[in-house]
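Commentary on secondary and tertiary structure
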There are 2 protein chains.
Amino acid sequence: MSEMVIPKSTFLNLSEEKRRRIVREAVREFADKGFQKASLNAIVARLGIAKGSLYQYFDNKEALFLYLFDQFTGLVKGTLAEVAAFSRQANFYAQIRLAAEAGITFIDRHPDFYDIYLKLLFEQDVPHREELIAKVRLFSRDYFGPLCEEGRRRGQVRQDLPIEIVTFILDATLDRFLQGYAKSYLDGGLALAGKDRRELEEKIAAIIDVLRDGLLPRG
Amino acid sequence: MSEMVIPKSTFLNLSEEKRRRIVREAVREFADKGFQKASLNAIVARLGIAKGSLYQYFDNKEALFLYLFDQFTGLVKGTLAEVAAFSRQANFYAQIRLAAEAGITFIDRHPDFYDIYLKLLFEQDVPHREELIAKVRLFSRDYFGPLCEEGRRRGQVRQDLPIEIVTFILDATLDRFLQGYAKSYLDGGLALAGKDRRELEEKIAAIIDVLRDGLLPRG
DNA sequence: TTGCCGAGTGACCGGGCGGTCATTATAATG
DNA sequence: CATTATAATGACCGCCCGGTCACTCGGCAA
């Protein structure tokens, strides 16, 4: 279902180890520089192969990038499916918490892929950019939307709240939390970047508590 | 207090109209392409001046960019000071609402400046990038922090909530709202980009209501 | 009229880019 | 072994970049 972008057969004939090495170094370069500034010369230099070889594997820079992004969306999709299955029985607020923690895990495992995505958000002239962003964001909406409806159905979320406002807030907050974890200058004073897992989970819990109970004094 | 970055005297000697024209076109170019891809050739071509002239005004690409960003931070600072003064007496939630509306107004007035900032967030190798981002984000924190403390003091925000969590949520949500207004693919399904002022204010009010009252059914 | 000086000019430089392709090396086949 | 198919190579191409600099221009003071 992912793997919609296929490289040249030459690439597929390579040993898995070499393929992984190429993907790893290419992802690193795109994560460092973004699409436009990423240099195929730099990639082949790091890999110790000739530039011509890269063109045996992929038609051009764009095809290479699309292939990498395809791998990324596959990983995202898998992660979300896992967490959805794992947390199906849980309370709505626990589900949100687990999703946030899965996001942290994903960034820990694939920081360069996440960097590529972040750069893509505001870079210009990246081929199929809006389409790629939309693909990822659709995952997020497809996850939070049903979650909220289910939470409302089960009486864990107020019936009178507009679903799209709730998903917007959850999406925005979680997104920013993950961005702050990956990029310290976006952590909004929570100093997320250096924290260990336990502290991160405490912050997540605190945020969800505030969203659940509201800012206004009760009574 | 802004205007810390000074161009060459040649630039300051130009007529205000010419200066504004140069700033306008340069901002447009940097907003379109980001720092790295922005082309001085393109800027001088649009302005109809020689490249050498640009180098009479600014030492190099970096100095030009820093000057533009300085203008930007001046505008942000002024806007925040205005809204702070204007909303001083208001209820906490009205203050938040007014800040969000001021953000909308700012983007309407200076969309290219806002674009430069958004691109800066994830672009690599921009001179003084983290410093510039920190400067803008400090404005935001300096605004929301005291606001939350004041709101708590006045009993409009629960006493037991950790301030930094509250500011994080407000900052993240407002930020994402403005990003969604400027970039339709980030609007999280609220379709903010096309909306008129009244509809935007309704969305803002709805979001603040949810944050104020919480997701959990009361009772 | 002359000399001066700041403003404005654009051809030019070195360098890096994505991409090409004729050539060589390697592996598979009979 | 020879022949053929596939993979790997890197010099090279045209392009555009940021930045330079020897030069021209125009107004003003002497």
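Preceding this section is the structure that the text describes.
Residues numbered from 1 in each chain as written. Chains lettered and ligands numbered in written order. Predicted model: local features only at pLDDT ≥ 70, side-chain atom pairs only at ≥ 80, totals over all residues.

1. Some details on the protein's contact with DNA strand D
Inspection of the region around DNA strand D gives 18 residues, with Ala50(A), Gly52(A), Ser39(B), Gly52(B) and Lys61(B) positioned closest. Listing elements by their share of the surface near DNA strand D, those giving two or more residues are α4 (51-57) of chain A together with α3 (40-47) and α4 (51-57) of chain B. When residues of the surface near DNA strand D are assigned to their parent elements, the largest contribution, four residues, is made by α4(A). (Near = placed C-beta within 6 Å. Helix = DSSP H or I, 4+ residues; strand = E, 2+ residues; numbered from the N terminus.)

2. Focus on helix α2 (residues 16-37) of chain A
All names here are of chain A. A rise of 1.5 Å per residue sets the reference length of α2, with its 22 residues, at 32 Å; its end C-alpha atoms lie only 28 Å apart and thus fall more than 12% short of the reference. Along α2, the helix axis deviates most sharply at Ala31, where the bend reaches about 80 degrees. Within α2 the residues assigned to the buried category are Ile22, Ala26, Val27, Glu29, Phe30, Ala31 and Gly34. Contacts from the buried residues of α2 go to α3 (40-47), α5 (61-86) and α7 (111-122). (Expected span 1.5 Å × (residues − 1). Bend = angle between axes of the 7 residues up to and from the residue. Buried ≥ 20, exposed ≤ 12 C-beta atoms within 10 Å, placed from the backbone. Contact = placed C-beta atoms within 7 Å.)

3. Re the packing of α5(A) against helix α6 (residues 92-109) of chain A
Residues and elements named next belong to chain A. Where α5 contacts α6, the two axes come as close as 10 Å, and the packing angle between them is 145 degrees. Both α5 and α6 take part in a crossing whose hand is right-handed. Of the residues in α6, those in contact with Thr79, Val83 and Phe86 of α5 are Leu98, Ala99, Ala102 and Phe106. Across the contact of α5 with α6, the residue classes tally to six nonpolar, one polar and no charged. (Axes fitted to C-alpha atoms, helices over the stretch in contact; angles between N-to-C directions. Left-handed = near helix turned anticlockwise from the far one by under 90°. Nonpolar A, V, L, I, M, F, W, Y, C, P; charged D, E, K, R; others polar.)

4. Digging into the interface of chain B and chain A
On the chain A side, the residues contacting the 46 residues of chain B number 46 residues. At the level of elements, α2 (16-37), α7 (111-122), α8 (129-153), α9 (163-182) and α10 (197-213) of chain B are the ones that each hand at least two residues to the side of chain B that touches chain A. The greatest single-element share of the side of chain B that touches chain A, amounting to eleven residues, is contributed by α9(B). Considering only residue class, the side of chain B that touches chain A consists of 22 nonpolar, nine polar and 15 charged.

5. Points about the protein's contact with DNA strand C
Surrounding DNA strand C, one finds 18 residues, the nearest of these being Ser39(A), Gly52(A), Lys61(A), Ala50(B) and Gly52(B). If you tally residues by element for the surface near DNA strand C, the top one is α4(B), at four residues. In terms of residue class, the surface near DNA strand C is built from six nonpolar, nine polar and three charged.

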